[in-house]
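# Fold and contact review
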Amino acid sequence: LPFDVVRDWQAVTVPPHVAAGEYRLVLALTSAQAAEPGQWFELGKIRVAGRPRRFDRPETMGHALGANFANRIEALGYDLDTSRLRAERRIVLTVYWRALAPMAESFKTFIHVVGADGQIWGQQDTLPLQGKAPTTGWLPGEVLADRFEITLRPESPAGVYHIRLGWYDETTGQRLPLLNAQGQTIGDFAALDEPLTLE
């Protein structure tokens, strides 16, 4: 009706290839029949912050992995520091991800420390680089070093543990499938080949 006030929320995604800098945010109203939008109105300015990007394979990566998640993300490999496991029940894991394709969805990664009974005794779910590099901003071929500090629960029993990692859509909770070399689904997480021993 005339003079009604309507609040309308619009999500604007900045493509990952856009260079860092200041940009104008503009709006135009149009109708389904109009060939061109009407008058443009400037709403303000936004600043796009860039971040360093790398596209080379890390030379210092301790363990190769090569886990393919839905032909979107590859876990190239990882570094694992267990020096604080005995004293603090804490590990430091760095995973090297590579973007295999552009991604319109924002995916979260999960790291689970699992006991022999299959129970999760330590975990971390987060957006890449602690939220600083969502997958919607990745460029194909880009490599990211993602660091995780995970503390096992105080009541964790002595024994052998394994680390599992994977990805899921933060909106639906649906995990990305893990694919083999033939493109077949073989699960929804990758298991690291280095076990942890808690004494």
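So, here is what we can say about the structure in this document. (Residues numbered from 1 in each chain as written. Predicted model: local features only at pLDDT ≥ 70, side-chain atom pairs only at ≥ 80, totals over all residues. Heavy atoms only, no water.)

## Focus on the overall build of the protein
Rule in force here: Labels follow the DSSP assignment, with helices taken as runs of H or I lasting at least four residues and strands as runs of E lasting at least two, numbered in each case from the N terminus. For the radius of gyration, the atom set is restricted to C-alpha positions; the globular benchmark scales as 2.2 Å times the number of residues to the power 0.38. Burial here depends on accessible area, computed with a 1.4 Å probe over protein chains only, as a share of the maximum for the residue type. Under 20% is buried, over 50% is exposed, and the range in between is partly exposed. Residues count as neighbours in contact if any of their non-hydrogen atoms are within 4.5 Å of one another. Accessible surface area values rest on a Shrake-Rupley calculation with a 1.4 Å probe, where residue burial reflects the displayed protein chains alone. His is not counted, nor are the chain ends; Lys and Arg add positive charge and Asp and Glu add negative charge. To locate a charge, take atom NZ for lysine, CZ for arginine, CG for aspartate or CD for glutamate.
Looking only at helices and strands, the protein features one helix and 13 strands. Mapped from its N terminus to its C terminus, the protein presents α and β elements in the order β-β-β-β-α-β-β-β-β-β-β-β-β-β. Taken over C-alpha atoms, the radius of gyration comes to 22 Å for the protein, far larger than the 16 Å a tight globule of 199 residues would show. Taken along the three principal axes of its C-alpha coordinates, the protein extends 70 × 40 × 35 Å. Counting every position in the protein, which comprises 199 residues, the buried fraction comes to 33%. Considering only contacts in the protein between residues 6 or more positions apart, those separated by 24 or more positions represent 64%. Surface summary for the protein: the accessible area is close to 12400 Å², and the carbon and sulfur share equals 52%. Here the protein holds 20 positive side-chain charges and 24 negative ones, and the gap between their average locations is 3 Å.

## A word on the sheet that holds strand β11 (residues 185–187)
Short version of the rule: Pairing between strands is defined by DSSP: at least two bridges between the two strands are required.
Within the open sheet, the six strands sit side by side as β8-β5-β4-β3-β10-β11. Their pairing is antiparallel. Unpaired on one side and paired on the other, β8 (143–151) and β11 mark the two borders of the sheet. Here strand β10 (residues 178–179) runs beside β11; their pairing, made up of two bridges, is antiparallel. Each bridged residue has a counterpart across the sheet, and for Leu179 the counterpart in β11 is Thr185.

## Side note on a nonpolar patch on the surface
We count it as follows: Within the patch definition used here, like charges are joined within 9 Å and nonpolar side chains (Val, Leu, Ile, Met, Phe, Trp, Tyr) within 5 Å, considering only residues with over 30% relative accessible area and no salt bridge. In the sections that follow, a salt bridge refers to a side-chain nitrogen of Lys or Arg positioned within 4 Å of a carboxyl oxygen of Asp or Glu.
Residues Val14, Tyr23, Leu25, Leu27, Leu29, Phe41, Leu43 and Ile46 make up a contiguous nonpolar surface patch of roughly 700 Å² in combined accessible area. Only β1 (21–28) and β2 (40–48) provide two or more residues apiece to the nonpolar patch. By the element assignment, Ile46 lies in strand β2. Given a relative accessible area of 36%, Ile46 falls into the partly exposed group.

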